[in-house]
Amino acid sequence: VQSVNLSRAVQNRNLMIAALLMNLSAGASFRAKMMKIGVQNLLIKIVSSGDNKEMVRYALGALRNLSLEPSVQVELVEAGLLDACIHVYTTYSEKDVYQDGTSP
């Protein structure tokens, strides 16, 4: 039981981190800093794994926000963004529903 609770706590922590990154990336002043420390690689890894729909959703939101900077769009593609998006497209369908009732 304790390992299940720990696993849930880790999942919740990771979900909150992904949500935080999405919110931070909404601010133009943070985007370049985030790219500089390599956050895009973590976000692309989250999207590519596709284990948790909510976390994937937040990671995609952060990547979308980062891509608003034209100077980093090529860098995102080179880091594997398109492959990650293809993974989401082939893994999820409109039948998948998030906790708030929306779909991918």
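These notes cover the structure that comes with them. In this text, all values refer to a predicted model and were calculated from it rather than measured experimentally.

**Observations regarding the overall build of the chain**
Move 1: Looking only at helices and strands, the chain features six helices and zero strands.
Move 2: Scored against the burial criterion, the 104 residues of the chain give a buried share of 32%.
Move 3: Long-range pairs, those at least 24 residues apart, make up 63% of the contacts in the chain with a sequence separation of at least 6.
Move 4: If you sum the accessible surface of the chain, you get close to 6800 Å²; carbon and sulfur atoms cover 58% of it.

**Brief notes about helix α4 (residues 53-66)**
Move 1: Spanning 14 residues, α4 covers 20 Å between terminal C-alpha atoms, matching the ideal 20 Å at 1.5 Å per step.
Move 2: Three or more residues of α4 are buried, namely E54, M55, V56, A59, G61, A62, L63, N65 and L66.
Move 3: For α4, the N-terminal cap is N52; the gap from its side-chain oxygen to the backbone nitrogen of E54 is 2.9 Å.

**Observations regarding the packing of helix α3 (residues 39-49) against α4**
Move 1: Across the interface, α3 lies against α4 with an axial gap of 8 Å and an inter-helix angle of 140 degrees. The orientation of α3 relative to α4 falls into the category oblique. Taken as a pair, α3 and α4 cross one another with a handedness that is left-handed. Packed against α3, whose contacting residues are Q40, L43, I44, I46 and V47, the element α4 presents M55, V56, A59, L60, A62, L63 and L66 at the interface.
Move 2: Within the contact of α3 with α4, the residues separate by chemical class into 11 nonpolar, one polar and no charged.

**What about the pattern of salt bridges?**
Pairing is possible between side chains that carry opposite charge, provided their charged atoms lie close to one another.
Move 1: Here the structure, examined in full by the defined rule, presents one salt bridge.
Move 2: For R31, the salt bridge goes to E69, with nearest N and O atoms at 2.8 Å. Residue R31 is located in helix α2 (residues 28-36), and its partner E69 is located in the loop between α4 and α5 (73-78); the two are separated by 38 residues in the primary sequence.
Move 3: Classification of R31 as buried rests on a relative accessible area of 9%.

Rules and cut-offs
- Residues numbered from 1 in each chain as written.
- Predicted model: local features only at pLDDT ≥ 70, side-chain atom pairs only at ≥ 80, totals over all residues.
- Heavy atoms only, no water.
- Helix = DSSP H or I, 4+ residues; strand = E, 2+ residues; numbered from the N terminus.
- Buried < 20%, exposed > 50% of the residue type's maximum accessible area, 1.4 Å probe, protein only.
- Contact = heavy atoms within 4.5 Å.
- Areas by Shrake-Rupley, 256 points an atom, 1.4 Å probe, with all protein chains shown as cover.
- Expected span 1.5 Å × (residues − 1).
- Polar contact = N/O pair within 3.5 Å; in protein donor to acceptor, adjacent residues only side chain to side chain.
- Axes fitted to C-alpha atoms, helices over the stretch in contact; angles between N-to-C directions.
- Parallel < 35°, antiparallel > 145°, perpendicular 65-115°, else oblique.
- Left-handed = near helix turned anticlockwise from the far one by under 90°.
- Nonpolar A, V, L, I, M, F, W, Y, C, P; charged D, E, K, R; others polar.
- Salt bridge = Lys/Arg side-chain N within 4 Å of Asp/Glu carboxyl O.

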